[in-house]
Amino acid sequence: MSVSTAATDRSVCAPLPVLGRDVTVPLVTGGEVTYAALDYAASAPALQRVWDDVAAYAPYYGSVHRGAGYLSQLSTDLFENARRTVAEFLDCRPADQVVFTRSTTDSLNLLARALPADCRVFVFETEHHASLLPWRDAQVTYLNAPRTPEQAVATLERALADREPHGPALVCVTGASNVTGELWPVRELAAAAHAHGARIVLDAAQLAPHHPVSVRDLDVDWVAFSGHKLYAPFGSGVLAGRADWLREAEPYLAGGGASRRVTRRTDGGVDVEWHEGAARHEAGSPNVIGAYAIASACRALTEAGFDTLVAREQHLIRTVREGLAEVPEVSVLSLFGDDAPRVGVISFVVAGWNSSHFAAALSAEYGIGVRDGLFCAHPLVRTLLGSDPETQGECGAPEAAPGEKSLNAIRVSFGAGTPDEHVERFVTAVKELIRDGAKWQYRTEDGRCVPAV
């Protein structure tokens, strides 16, 4: 992409202010540079707006639901208002519940605990481990990676039609891949699931920060996402959707808040009456600040306007993809092909380079933070790399030394807070490293490639 075209596209909108945008880091070659955070798919920086809202609330911190004092009542109102804000952000149905959790992983494990007896679960091998692994106590059918959206729908329809017995079933699918950034045909998959009497849960961890998510429009039964990918701090997440399975299941955690009434029996035991609403699965003192931060992020993204945010992100995607396409040594990973709609997540490998070595050089010599490894989506990355499923590899901890081939890839990811300069610097750095090689020596330490001192 030419500089003149990039300058024209910049007029779409400015990046949203995020924490850390002015942080400088040292380079091994000398001097300092403003850090380019290009690992949004792992954890996006918190929006300045979110941090300011949390700081303003902090002096009024109080216990929730169980205090008579003013601060407790204020905190309770903030917590429950946050629940309503999230429901509006997700365009939930009137009867849907919003349960606050610790993360997407926690949300899907909660749902896994709520599955009815003999429930069959259908999940593509392309999922993040948060969606792939929680269903250990259920009968799971793992579906092979599709190569087109249409194939994904057809594969699911065949699997659901062939299931025996025809009992309860759940489909788990991502909205946007954390490896390729490609958008999945969620609405069509939901229609296929419902046509065969199954329910569907959407892993929106990578979708919600980039695109509007409407539970109603997509017709999904549940949606899960994490605050730390939605420009809020760590430690909070959401599971939103149908209430019946959650209401009928034993609480995910047992304790205060989940229980409505506890009494001793004459035999010395304890009888418990559990709450039926969201509190049933929110035992203990809730993360009020985390819930409030998620709600603040939802408001900020809504007010900024997803149409504007998406248009700007598409400009950044074009900048990166067109820049990488100019380098023959770079192979971008994809399931659905170059024309597939996607969010700002791009993974690639570089011929002749160990992925950990390349990522380490980007950080140490250019101040650019990306991710390397298997991105906690081992089966998908191995499929995309054409490797044997039994080949060993670790998530984020490649064993190969610099210069040796590794079963890993490099991932660059960005979003609403990414300046144009960061992705332009990234493209320039990739080209320079491939053309000139690293300026520094690197070694393997504890499974990671690091600059040699």
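Just above, that's the structure.
What counts, and where the lines are drawn
Residues numbered from 1 in each chain as written. Predicted model: local features only at pLDDT ≥ 70, side-chain atom pairs only at ≥ 80, totals over all residues. Heavy atoms only, no water. Helix = DSSP H or I, 4+ residues; strand = E, 2+ residues; numbered from the N terminus. Rg over C-alpha atoms; globule rule 2.2 N^0.38 Å. Buried < 20%, exposed > 50% of the residue type's maximum accessible area, 1.4 Å probe, protein only. Contact = heavy atoms within 4.5 Å. Areas by Shrake-Rupley, 256 points an atom, 1.4 Å probe, with all protein chains shown as cover. Lys, Arg positive; Asp, Glu negative; His and termini not counted. Charge placed at Lys NZ, Arg CZ, Asp CG, Glu CD. Salt bridge = Lys/Arg side-chain N within 4 Å of Asp/Glu carboxyl O. Expected span 1.5 Å × (residues − 1). Axes fitted to C-alpha atoms, helices over the stretch in contact; angles between N-to-C directions. Parallel < 35°, antiparallel > 145°, perpendicular 65-115°, else oblique. Left-handed = near helix turned anticlockwise from the far one by under 90°. Nonpolar A, V, L, I, M, F, W, Y, C, P; charged D, E, K, R; others polar. Core = buried A, V, L, I, M, F, W, Y, C linked by side-chain atoms within 4.5 Å. Pairing = 2+ DSSP bridges. Phe/Tyr/Trp six-rings, centres within 6.5 Å; stacked < 30°, edge-to-face > 60°. Patch = residues over 30% accessible without salt bridge, like charges linked within 9 Å, V, L, I, M, F, W, Y side chains within 5 Å.

Peer 1: Honestly, the overall build of the protein chain in this entry has me stumped. Any pointers?
Peer 2: Check the secondary structure of the protein chain and you find 14 helices and 19 strands. Scaling as 2.2 N^0.38, a compact globule of 453 residues should have a C-alpha radius of gyration of about 22 Å, and the protein chain matches this with 23 Å. Overall, the C-alpha framework of the protein chain stretches about 80 × 55 × 45 Å when taken along its three principal axes. Within the protein chain, the fraction of its 453 residues that count as buried is 55%. Counting only contacts in the protein chain whose residues sit at least 6 apart along the sequence, the fraction spanning at least 24 positions is 70%. Roughly 19,200 Å² of accessible area belongs to the protein chain as shown, and the carbon and sulfur atoms make up 51% of that amount. Here the protein chain contributes 40 positively and 56 negatively charged side chains, and the mean placements of these two sets differ by 4 Å.

Peer 1: Before we go on, may I ask you to explain the pattern of salt bridges in this structure?
Peer 2: Pairs can form between side chains of opposite charge once their charged atoms are near each other. Enumeration according to the criterion identifies 24 salt bridges in this entry. Arginine 265 is the partner of aspartate 267 in a salt bridge, and the nearest nitrogen-oxygen pair spans 3.1 Å. Take aspartate 267: its relative accessible area is 59%, and that puts it in the exposed class. On the accessibility criterion, arginine 265 (35% relative accessible area) is partly exposed. Between glutamate 445 and arginine 443 there is a salt bridge, with its nearest N and O atoms 2.7 Å apart. With a relative accessible area of 35%, glutamate 445 lands in the partly exposed category. A relative accessible area of 36% means that arginine 443 is categorised as partly exposed.

Peer 1: Would you mind going over helix α14 (residues 420–436) with me for this structure?
Peer 2: Counting along an α-helix, one turn takes 3.6 residues, and residues three or four places apart therefore face a common direction. Spanning 17 residues, α14 covers 24 Å between terminal C-alpha atoms, matching the ideal 24 Å at 1.5 Å per step. Every buried residue of α14 is accounted for by Asp420, His422, Val423, Arg425, Phe426, Val427, Ala429, Val430, Leu433 and Ile434. One or two positions beyond α14, positive phi appears at glycine 437, with a value near 85°.

Peer 1: For this particular structure, what's the right way to read the packing of helix α12 (residues 355–366) against α14?
Peer 2: Each pair of packed helices can be summarised by the angle the axes make with each other and by the distance between the axes. Contact geometry for α12 and α14: axes closest at 11 Å, N-to-C directions at 115°. Taken together, the axes of α12 and α14 are roughly perpendicular relative to one another. In this structure, the crossing between α12 and α14 has a hand that is right-handed. Here Phe358, Ala361, Leu362, Glu365 and Tyr366 of α12 lie close against α14, whose contacting residues are Arg425, Phe426, Ala429, Val430, Glu432, Leu433 and Ile434. The residue inventory of the contact of α12 with α14, partitioned by class, reads nine nonpolar, no polar and three charged.

Peer 1: Would you mind showing me how to read the nonpolar core here?
Peer 2: In a soluble, globular protein the nonpolar side chains are often hidden away together inside. Residues Val86, Leu90, Leu156, Leu202, Val213, Phe225 and Val238 are the most contacted members of the largest nonpolar core, which totals 85 residues. Top contributing element to this core by residue count: helix α10 (residues 288–304), with 10 residues. Phenylalanine 225 has contacts with Val86, Leu90, Ser103, Thr104, Ala204, Ala205, Ala208, Leu230, Gly237, Val238 and Ile294, leaving out every residue within four places of it along the chain. In this structure, Leu324, Phe348, Ile410 and Tyr442 belong to the second largest nonpolar core, which totals 33 residues.

Peer 1: Explain the pairing of strand β9 (residues 222–226) to me, please; I cannot follow it from the model alone.
Peer 2: A regular strand places its side chains on the two faces of the sheet in alternate fashion. Here β9 lies mainly inside the structure; five of its five residues are buried. Covered by surrounding structure in β9 are Trp222, Ala224 and Ser226 together with Val223 and Phe225, the residues of both alternating faces. Here strand β8 (residues 199–203) pairs with β9 via three bridges, running parallel. Within the sheet, the bridge partner assigned to aspartate 203 lies in β9 and is alanine 224. As paired elements, β9 and strand β10 (residues 237–241) share five bridges and run antiparallel to each other. Looking at the pairing, alanine 224 lines up with leucine 239 of β10.

Peer 1: How do you make sense of the packing of aromatic side chains when you look at a structure like this?
Peer 2: The geometry of an aromatic ring pair is captured by two quantities: the separation of the ring centres and the angle between the planes. Inspection of the entire model under this criterion finds 10 aromatic pairs. Taking 5.3 Å as the distance between ring centres and 45° as the angle between the ring planes, the aromatic pair formed by phenylalanine 79 and phenylalanine 100 counts as tilted. Separated by 21 residues along the polypeptide, phenylalanine 79 in helix α3 (residues 70–89) and phenylalanine 100 in strand β4 (residues 97–101) bring together distant segments of the chain. By relative accessible area, which is 11% here, phenylalanine 100 ends up buried. By way of ring pairs, the aromatic residues Phe348, Trp353, Phe358 and Phe426 are connected into one cluster.

Peer 1: Can you walk me through a nonpolar patch on the surface in this structure?
Peer 2: A cluster of nonpolar residues, Tyr60, Tyr70 and Leu71, forms a patch on the protein surface that exposes about 340 Å² of accessible area. Looking at where tyrosine 70 falls in the secondary structure, it is placed in helix α3.

Peer 1: Help me out: how do you make sense of the sheet that holds strand β13 (residues 330–332) in this one?
Peer 2: The pairing of strands in a sheet happens through backbone hydrogen bonds and is either parallel or antiparallel. Strand order across the open sheet formed by four strands is β13-β14-β17-β16, with antiparallel pairing between neighbours. Lying at the two open borders of the sheet, with one neighbouring strand each, are β13 and β16 (371–373). Averaged over all pairs of adjacent strands, the angle between their axes in this sheet comes to 30°, without regard to strand direction.

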